[in-house]
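Next come the chains, spelled out residue by residue.
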Amino acid sequence: MSSALEGQKRIKCAEADAYMKNGDKAAKKTLFNWKPEFDVAAAEYDKAAIIYRNFKEYDKAIFAFNKASDCFYKFGTLFNSASALEAIGAIYRDKGEYDQSVEFFRRSKDVFMEADNADRAATALTKAARAVQDTNVNEAVSLYKDALELQLEAERFHMMGDSWRAAVALMAKNERFDDMIETLKKIFPMFDKLEQTQYKNKACLSIIVAQLHKGDTVAADRELQEFQDSAAQFGGSGEGFAAQDLLHAAKEGEFAKEHSITRPLVLSSP
């Protein structure tokens, strides 16, 4: 770091230190301050945390965001409290401390739910899943499922795109076929509500391909019959015909592994 940048960092971090002192003062009862001013304290801690984070003083930033979250919570501004916890999760993620990252993203989710904001709660879980998907697939899959469950329960279908695509991609890449099948079936109501017929057709096809990758032609045949009976327009769609061809090939012992589930058909654009 250049001397100019070092000088700027010293000045700004000193400014952040002053914000921390202001926050400590506002959060305490004194002779002249009979009641803690948690709103003032939270704002001061938050300003300090942002400066520390910008200058990569991560431990100080975590400490300040923690204080800010606590004061926001005590003042009743739950959204801001959750956002501060989410910021801590992101810092731990960037530091490569993934267990702590997940812990704070989960805590953030809990407070977002208290604030009746299922969208941001699901986003926090999705961020947690992405933080660990290269190091802990089991936990990432669980986090993605929890995120989707929150959005499904709240019927926030239009906000689910990033979550379900990321979840299905991870499950496919790691050959978690049962999880993938369960997840795709669970989000059928989203496709129906948003009138995304072609996405649903692709999901149906991906489920059949997943069953074939498992070597279960009986289950794949059962899925095909069910989708032809219940999924509007699937039987006569390109995906429906492709499913029939793949199933026929599998029964003839000619199903090729180049029908790769690691690039699931459901992820392509309609």
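Residues numbered from 1 in each chain as written. Predicted model: local features only at pLDDT ≥ 70, side-chain atom pairs only at ≥ 80, totals over all residues. Heavy atoms only, no water.

Now for the confidence of the model for the chain. Looking at the chain as a whole, the pLDDT averages 91, with 93% of positions reaching at least 70. Confidence drops under a pLDDT of 50 for residues 262-270, and excluding neighbours within four residues, the segment shows 27 contacts in the predicted structure. (pLDDT = per-residue confidence, 0-100. Contact = heavy atoms within 4.5 Å.)

Taking 1.5 Å as the rise per residue, helix α7 (residues 137-153) with 17 residues should run 24 Å; its terminal C-alpha atoms sit 24 Å apart, in good agreement. For α7, every residue scored as buried is listed here: A140, V141, L143, Y144, A147, L148, L150, Q151 and L152. In this structure, the buried residues of α7 make contact with α5 (98-114), α6 (118-132), α8 (161-173) and α9 (177-186). (Helix = DSSP H or I, 4+ residues; strand = E, 2+ residues; numbered from the N terminus. Expected span 1.5 Å × (residues − 1). Buried < 20%, exposed > 50% of the residue type's maximum accessible area, 1.4 Å probe, protein only.)

Let's shift gears to unusual backbone geometry. If you check the backbone angles, K56 has positive phi at about 60 degrees while not being a glycine. Tracing the chain through its elements places K56 in the loop between α2 (38-54) and α3 (58-75). At E155, a position not held by glycine, the phi torsion is positive, near 55 degrees. Judged by relative accessible area, E155 falls into the exposed class, the value being 55%.

All right, on to the packing of aromatic side chains then. Taken as a whole, this structure holds seven aromatic pairs when the rule is applied. Their ring planes at 20 degrees and their centres at 6.4 Å tell us that F191 and Y199 sit as a pair that is stacked. Take F191: its relative accessible area is 1%, and that puts it in the buried class. The exposure class assigned to Y199 is buried, which follows from its relative accessible area of 13%. Where F227 meets F234, the ring centres are 5.9 Å apart and the plane angle is 80 degrees; that geometry is what we call edge-to-face. Just as F227 is buried, F234 falls in that class too. Ring pairing ties together the aromatic residues W164, F191 and Y199, which thus form one cluster. Sitting above the plane of the F188 ring, K200 keeps its charged end 5.0 Å from the centroid. (Phe/Tyr/Trp six-rings, centres within 6.5 Å; stacked < 30°, edge-to-face > 60°. Lys NZ or Arg CZ within 6 Å of the ring centre and 35° of its normal.)

Turning our attention to helix α1 (residues 3-26). Here α1 spans 35 Å end to end across 24 residues, near enough to the 34 Å set by a 1.5 Å rise per residue. Within α1 the residues assigned to the buried category are G7, K9, C13, A16, Y19, M20, G23 and A26. Looking at the packing, one finds that the buried side of α1 touches α2 and α3.

Further remarks concern the environment of Y19. By the secondary structure assignment, Y19 is in helix α1. A relative accessible area of 19% places Y19 in the buried class. Along the sequence, Y19 and E6 sit 13 residues apart, while their C-alpha atoms lie 20 Å from each other. Other than its neighbours up to four places away in sequence, Y19 contacts E44, K47, A48 and I51.

Our focus in this paragraph is the pattern of salt bridges. Evaluation of the coordinates by the stated rule reveals 23 salt bridges. We note a salt bridge from E86 to R120, for which the minimum N-O separation is 2.5 Å. Of this pair, E86 sits in helix α4 (residues 78-95) while R120 sits in helix α6, placing them 34 residues apart in sequence. Residue R120 is classed as partly exposed on the basis of its relative accessible area, which comes to 25%. The residue K214 makes a salt bridge to D178 at a minimum N-O spacing of 2.6 Å. Taken together, the residues K214 in the loop between α11 (197-213) and α12 (217-230) and D178 in helix α9 connect sequence positions 36 residues apart. On the accessibility criterion, K214 (38% relative accessible area) is partly exposed. Linked by salt bridges that have partners in common, K145, E149, R176, D179, E182 and K186 make up one network. (Salt bridge = Lys/Arg side-chain N within 4 Å of Asp/Glu carboxyl O.)

Moving on to the nonpolar core. Core analysis: the biggest nonpolar cluster contains 84 residues, and Y52, M160, W164, I187, F191, I208 and L212 have the highest contact counts within it. Apart from the residues lying within four places of it in its own chain, the contact partners of Y52 are C13, A16, D17, M20, E57, K60, A61 and A64. (Core = buried A, V, L, I, M, F, W, Y, C linked by side-chain atoms within 4.5 Å.)

The next point concerns the environment of R156. Following the sequence through the fold, R156 ends up in the loop between α7 and α8. What makes R156 partly exposed here is its relative accessible area of 30%.

Residue placement: E44 occurs in helix α2. Polar side-chain contacts of E44 include one of 3.0 Å to the side chain of N22. (Polar contact = N/O pair within 3.5 Å; in protein donor to acceptor, adjacent residues only side chain to side chain.)

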